[in-house]
Amino acid sequence: MGMIHKHKERIPKTKSIKALVAIRFFLALGNAIIMTVWAVYLNSFVKSAATTGYISTFLTLISFISYFALIPLVEKYDKGVLFSWSLFLTAISHIFFAFITKSIVAVILIGTLTILIQAVRITVNGIIIKDTQPKKSLPKEEGIMYTFANIAFLIGPILAGYLAIKSGFSSVFLVGSGAMFLAFVVYKFSAIKDHTKTKKIDGSIIKNFFAFFKNKNRVIAYLMGGGVQLWWAFIFLFIPLLMIENGLNEEYIGYFIFATSIPLILTEYYFGKKTVKFGYKKMFMFGYLITAIFCLLCFFTSNIFVILGLLTLASFGMALLEPTTEAYFLTILDKKEASRFFGPYNTNANTTSLIGKLLASSLLLVLPFKFLFILFAAYMLFFFIVSFKTKNV
């Protein structure tokens, strides 16, 4: 474990949270615009839902490795400098997709570079939040940030659907990159500074891996966060493909993503505040149970609009989970462990998505799409059962 050397300057909490909210909003807007068409964009190269899933699985594996491999970089350098550069490069890297129209190899290579940059940005962002916000207010602050992020997911999909229909994928990536660049601009003009560095660098990937997973509470938090990411992988990767199969175009995909954000915007801030009263365990239990029930109901209908309606209602379950899972991990994490373990925590999205996408893509080779609803309902029920092991904090 490394020793932490911290700069004496502290960030005004009210100013930092406003800037962090604005940064989260613009990043989410860029992601919402691009993620709305990402699956269809990949599918345009390979013409296969299963192959699209396998490519996404490969990129997920790269992401998993990068969070552990980049720990020394995050520990060694000034967090503010890393965050600034990663915001800038995030915007730049996504521009390249606008000009790739024929080579799936080029897409994978640029995708890999983008994932490495993203790993640094997400890790450093979480560390800055922990360093600048009081522990007791984390669920509330996460609720605020996720609320604004989901407002972005109201705007982004509609804009993406319109741009894809009118101008093609290139305009989608250019506008999405522009939104991400605004996050960089906000940071450069903000009061946020975090000069945290680690004197002793934890450079072994294997050592960091086992150090993270030997702690039971970290593993439970890891799974709770991973379930949320697995669900959104299902919504953003597989459901658009189902919609295309049912004759709906990118504009309808945008409307659907728009709809899934409404329950989140209406209730996430409220649930974030109520976490202090009811506790993390109840939030996790009810969140995963609600999501599982609505997903399972989709298996019993073939009407695409009924399915989309049920999946939209499942977002109420996600509203209990999004503002609380990351806050829970940051709450149980010692401050001196943040640089080393927050990055590995974020591989929860990679681990659960990797397994989920791989099984789902393989299932599609032998069974109709509707059986994915049983698979993902089972995933959510698994996380519901695991939530009973959550530590009371």
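Predicted model, so just to flag it, every value in this text is computed and none were measured. Residue positions within a chain follow its written sequence, with the count starting from 1. Two thresholds apply to this predicted model, a pLDDT of at least 70 for residue-level local features and 80 or more for giving and counting side-chain atom pairs, whereas whole-chain, interface and lining totals are computed over all residues. Hydrogen atoms and water are omitted, and side-chain values are computed over all heavy atoms in the structure.

Undergrad: What's the story with the overall build of the protein in this structure? I'm lost.
TA: Secondary structure counts use DSSP, requiring at least four H or I residues in a row for a helix and at least two E residues in a row for a strand, with both numbered from the N terminus. Across its full length, the protein holds 16 helices and two strands. The buried label applies to any residue whose accessible area, calculated with a 1.4 Å probe on protein chains only, is under 20% of its type's maximum; exposed applies above 50%, and partly exposed to all values in between. Here the protein holds 393 residues, and the buried ones make up 59% of them. By the convention used here, residues are in contact when the closest approach between their heavy atoms is within 4.5 Å. Look at the contacts in the protein between residues 6 or more apart in sequence, and 88% of them connect residues 24 or more apart. For the protein, the computed accessible surface area is about 16,200 Å², with 70% contributed by carbon and sulfur atoms. Per-residue and other accessible areas were derived by the Shrake-Rupley procedure at a 1.4 Å probe size, with only the shown protein chains allowed to occlude residues.

Undergrad: Please explain helix α13 (residues 315-332) as it appears in this structure.
TA: Think of an α-helix as 3.6 residues a turn; residues three or four steps apart then line up on the same face. Between its terminal C-alpha atoms α13 stretches 26 Å, which fits the 26 Å expected from 18 residues at 1.5 Å a residue. A residue's bend is given by the angle between axes fitted to the 7 residues ending at it and the 7 residues starting at it. Helix geometry: α13 is bent most strongly at Thr324, by close to 30 degrees. For α13, a buried count of 17 out of 18 residues is recorded, marking the element as mostly surrounded by other parts of the structure. A helix is expected to span 1.5 Å multiplied by its residue count minus one.

Undergrad: What's the story with the environment of Glu142 in this structure? I'm lost.
TA: Locating Glu142 in the fold gives a position in helix α6 (residues 138-167). Judged by its relative accessible area of 0%, Glu142 falls in the buried class. Along the sequence, Glu142 and Gly272 sit 130 residues apart, while their C-alpha atoms lie 7.1 Å from each other.

Undergrad: What is the right way to read the side chain of Ser84 from this model?
TA: With respect to the helices and strands, Ser84 occurs in helix α4 (residues 79-95). What Ser84 contacts, discounting residues up to four positions off in sequence, is Phe184, Tyr187 and Lys188.

Undergrad: Is there a simple way to think about empty space enclosed by the protein in this case?
TA: Gaps left between atoms show up when a probe the size of a water molecule is rolled over them. The rule is simple: put a 1 Å grid over the protein atoms alone, call a set of points where a 1.4 Å probe fits but cannot get out a cavity, call an open set with protein on both sides within 12 Å along at least five of seven lines a pocket, and count a residue as lining if it has an atom within 4 Å of a point. Grid points are joined across faces, edges and corners, and a volume is the space filled by probe spheres set on the points. Evaluated as defined, the whole model comprises three cavities of 30 Å³ or more. Of the volumes computed, that of the largest cavity is approximately 1,500 Å³. In this structure, the largest cavity is lined by 50 residues; those nearest its centre are Asn31, Met35, Gln118, Ile122 and Gln229. When residues in the lining of the largest cavity are grouped by element, the largest group, nine residues, is from helix α5 (residues 104-132). Note that Gly is not counted as nonpolar here; it falls among the polar residues with everything else outside the nonpolar set of Ala, Val, Leu, Ile, Met, Phe, Trp, Tyr, Cys and Pro and the charged set of Asp, Glu, Lys and Arg. Looking at the lining of the largest cavity residue by residue, the classes come out as 25 nonpolar, 20 polar and five charged.

Undergrad: What exactly am I supposed to notice about the packing of aromatic side chains here?
TA: Two measures describe an aromatic ring pair: the distance that separates the ring centres and the angle between the ring planes. Stacked, edge-to-face and tilted are the three classes for Phe, Tyr and Trp ring pairs, Trp counted by its six-membered ring, which pair at centre distances within 6.5 Å; planes under 30 degrees apart are stacked, over 60 edge-to-face, the rest tilted. Considering all chains together, one arrives at 33 aromatic pairs under this definition. Centroid distance Phe213 to Tyr222: 5.0 Å. Interplanar angle 80 degrees. Geometry classified as edge-to-face. Relative to Phe373, the ring of Phe369 lies with its centre 6.0 Å away and its plane at 70 degrees, an arrangement referred to as edge-to-face. Put simply, the rings of Trp231, Phe234, Phe238, Phe369, Phe373, Phe376 and Tyr379 pair up and form one aromatic cluster. Residue placement shows Lys370 over the ring face of Phe299; its charged tip is 4.6 Å from the ring centre. Charges are assigned to positions over rings by a cutoff of 6 Å between ring centre and Lys NZ or Arg CZ, combined with an angular limit of 35 degrees from the ring normal.

Taken by themselves, the reported measurements are silent on function.
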